[in-house]
Amino acid sequence: MLRAARAELAFKQAFIDKLIHENAVLKRLKFAAQSEAYTPEQKSLLDETFDMDLAAVAREIEDAQPHKPDGEKRQPKRAPLPAHLPRHDVHHEPASTTCKCGCTMKRIGQDISEKLDYTPGVFTVERHVRGKWVCAQCETLMQAPMDPHIIDKGIPTTRLLAQVLVAKYLDHLPLYRQEAIFERAGMAIARSTLAQWVGECGVQLQPLVDALTAELLKAPVLHADETPVPMLRPGKGKTHRAYMWSWCTTQFHDVRAVVFNFAETRGGQNARDFLQLGTDTSWKGSLVVDDFSGYKQCFDMGVTEVGCMAHARRKFHELWANHQSKVGEQALKFFQTLYDVERDAADLNADDRRALRLERAKPVADALKQWLDEHRQKVPDGSATAKALDYSRRRWEALTRYLNDGRLPIDNNWVENQIRPIALGRSNWLFAGSLRAGKRAAAVMSLLHSARINGHDPYAYLRDVLERLPLQPASRIDELLPHRWTVTPAHG
């Protein structure tokens with residue numbers, strides 16, 4: 001028993017030491033970056049990244065430390081909120097003011113704490129008024145407690161925090177731009193303060209993202225894709241290519257979920273790690289992907305490959321669009337017929353979808369395969385036409401696997417639609433200098449985009465989750481996942 005306790009203590013201390021080291025490295029990198037010849041926008045984005053990372057590490061260190069008695073908690077020092085901002089009171093009073101001795105208690109005062117609230121264009125102050133009640137007979141003092149906050153003793157309400165996170169990771173507004181927007185609304189909030197809020201929220205939201213990932217990996221069929229994002233390293237003065245990997249359930253699955261995973265490389269090990277291949281919990285489903293070689297080893301480890309018909313079609317569309325190729329035009333007619341069947345099968349269950357495909361799409365696919373083989377003999381090696389024909393012929397088994405399984409989609413367009421917003425905003429939200437920043441962006445975007453594809457307002461979802469998360473038992477965190485979330489009456 002004592003040995004186990006010592007081992008656990010040693011493990012926790014090693015983890016704390018690791019975080020303290022990371023904190024020191026981040027501070028040194030932030031200082032070093034000041035001397036680099038960056039543009040003002042680059043410098044702002046780097047400063048935001050460092051401040052968010054430092055706040056996140058500080059929160060993790062605080063959470064890992066042994067809990068101190070209430071009297072030893074560090075009291076934050078901050079300036080009072082501006083007097084000119086409108087205020088509205090939230091009262092916290094005991095449910096009963098009858099003392100346990102039977103006497104009626106008297107109100108002798110109150111404690112007031114203020115939080116900064118925001119609706120687009122308008123700042124207000126939310127005053128939490130906690131009355132103090134005392135029993136004259138036995139001098140018992142009673143006061144209603146306040147619920148814990150996502151940022152302990154922080155000034156922002158969850159509405160303001162949700163606004164900052166949604167603006168940064170869904171609307172692609174860097175913090176220095178939000179700082180200017182808030183200043184025009186009458187409240188100057190330093191971007192370092194905004195960065196601290198984002199960093200702390202990222203740490204608090206991670207368990208929910210982990211639960212979303214676990215839920216995603218229960219699906220028998222997944223889409224996967226990856227898109228490059230720029231990453232700036234201090235000391236080198238230029239960006240290099242990192243990647244945001246996207247994983248999501250299909251449009252036919254009951255659970256609508258997307259999880260983003262940030263990595264510094266495009267190596268296939270990132271896919272194998274996400275799918276936990278080679279472990280006792282290896283994912284063994286069907287994976288819908290393009291022809292990227294990074295996925296190939298997954299198919300040697302128990303994963304079933306499903307090809308993307310849209311990628312095959314794209315090769316012939318390029319022939320027709322760029323060269324008015326007759327071969328390209330003929331191929332597109334085959335693909336059009338296959339997609340016509342998919343439109344008719346979209347609302348069917350898996351068994352009926354499979355039956356319809358076998359009846360109407362399989363004869364077309366067989367004819368397309370014969371046509372591909374015949375035309376390949378007529379074109380020279382190395383030509384654009386030969387490459388288009390060879391792409392489909394080489395991947396034919398994976399491309400047509402969907403015909404015999406109604407759970408499988410015909411292509412990978414579903415996941416490509418999920419990463420399109422990332423491609424639009426990546427120059428703003430991930431021009432960053434740390435792996436931690438990329439993983440934080442991936443985590444928050446996983447929640448926001450999963451909320452979106454489930455038909456929720458991402459802001460309303462995140463605001464409610466930030467409100468409820470501090471009180472949510474770990475055993476019931478699944479209730480806050482986007483596909484299970486229902487708005488609480490207080491926030492409806």
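Just above sits the structure.
A brief look at the structure comes next. Keep in mind that this is a model prediction, so the values were computed, not measured.

Moving on to the nonpolar core. Across soluble globular proteins, nonpolar side chains show a tendency to be buried alongside one another. The biggest cluster of nonpolar side chains holds 86 residues, and the ones touching the most others in it are Phe-123, Trp-247, Leu-275, Leu-287 and Tyr-295. Excluding residues within four positions of it along the chain, Leu-287 makes contact with Leu-222, His-223, Ala-224, Trp-247, Leu-275, Tyr-295, Phe-299, Val-303, Thr-304, Glu-305 and Val-306. By size, the runner-up hydrophobic cluster in this structure holds 35 residues, among which are Val-221, Val-306, Ala-331 and Leu-372.

Among all residues save glycine, negative phi is the norm, and among peptide bonds the norm is trans. Phi is positive for Glu-139, which is not a glycine, with a value near 60 degrees. With a phi close to 50 degrees, Gln-324 is a non-glycine residue in the positive phi region. Relative to the helices and strands, Gln-324 is located in the loop between α8 (309-323) and α9 (326-345). On the basis of relative accessible area, Gln-324 is assigned to the exposed category, the value being 56%.

Further remarks concern helix α4 (residues 175-184). The set of residues buried in α4 consists of Leu-175, Tyr-176, Gln-178, Glu-179 and Phe-182. Around the axis of α4, the buried residues are gathered within 155 degrees of arc, so they sit on the same side. Where α4 terminates, the next one or two residues include Gly-186, which has phi positive at roughly 105 degrees.

Okay, the packing of aromatic side chains next. This model, assessed by the stated rule, comprises 11 aromatic pairs. Taking the centre distance of 5.3 Å and the plane angle of 70 degrees together, the rings of Phe-123 and Phe-182 count as edge-to-face. Of this pair, Phe-123 sits in strand β3 (residues 122-134) while Phe-182 sits in helix α4, and the two are 59 residues apart along the sequence. In this pair, the class of Phe-123 matches that of Phe-182, namely buried. On the numbers, 4.6 Å between centres and 10 degrees between planes, the contact of Trp-247 with Phe-274 is stacked. In this pair, Trp-247 is assigned in strand β6 (residues 239-249) and Phe-274 in helix α6 (residues 269-274), connecting sequence segments 27 residues apart. Accessibility classification places Trp-247 together with Phe-274 in one group, the buried group. Each residue in the set Phe-316, Phe-334, Phe-335 and Trp-371 is aromatic and connected to the rest through ring pairs, giving one cluster. Residue placement shows Arg-353 over the ring face of Phe-252; its charged tip is 3.7 Å from the ring centre.

This brings us to the packing of α8 against helix α11 (residues 384-394). The interhelical angle for the contact between α8 and α11, taken along N-to-C directions, is 165 degrees, at an axis separation of 9 Å. Classed by the angle they form, the pair α8 and α11 counts as roughly antiparallel. In this structure, α8 meets α11 at a crossing whose hand is left-handed. From α8, His-311, Ala-312, Lys-315, Phe-316 and Leu-319 reach across to α11, where they touch Ala-384, Thr-385, Ala-388, Leu-389, Tyr-391 and Ser-392. For the contact of α8 with α11, a count of residues per class yields 7 nonpolar, 3 polar and 1 charged.

With their axes 10 Å apart at the nearest point, helix α3 (residues 158-169) and α4 run at an angle of 130 degrees to one another. Taken together, the axes of α3 and α4 lie oblique to each other. In the crossing of α3 with α4, the sense of the turn from one axis to the other is right-handed. Of the residues in α4, those touching α3 at Leu-160, Gln-163, Val-164, Ala-167 and Lys-168 are Leu-175, Gln-178 and Phe-182.

Reading the values: rules and limits
Residues numbered from 1 in each chain as written. Predicted model: local features only at pLDDT ≥ 70, side-chain atom pairs only at ≥ 80, totals over all residues. Heavy atoms only, no water. Core = buried A, V, L, I, M, F, W, Y, C linked by side-chain atoms within 4.5 Å. Buried < 20%, exposed > 50% of the residue type's maximum accessible area, 1.4 Å probe, protein only. Contact = heavy atoms within 4.5 Å. Helix = DSSP H or I, 4+ residues; strand = E, 2+ residues; numbered from the N terminus. Arc of directions from axis to C-beta. Phe/Tyr/Trp six-rings, centres within 6.5 Å; stacked < 30°, edge-to-face > 60°. Lys NZ or Arg CZ within 6 Å of the ring centre and 35° of its normal. Axes fitted to C-alpha atoms, helices over the stretch in contact; angles between N-to-C directions. Parallel < 35°, antiparallel > 145°, perpendicular 65-115°, else oblique. Left-handed = near helix turned anticlockwise from the far one by under 90°. Nonpolar A, V, L, I, M, F, W, Y, C, P; charged D, E, K, R; others polar.

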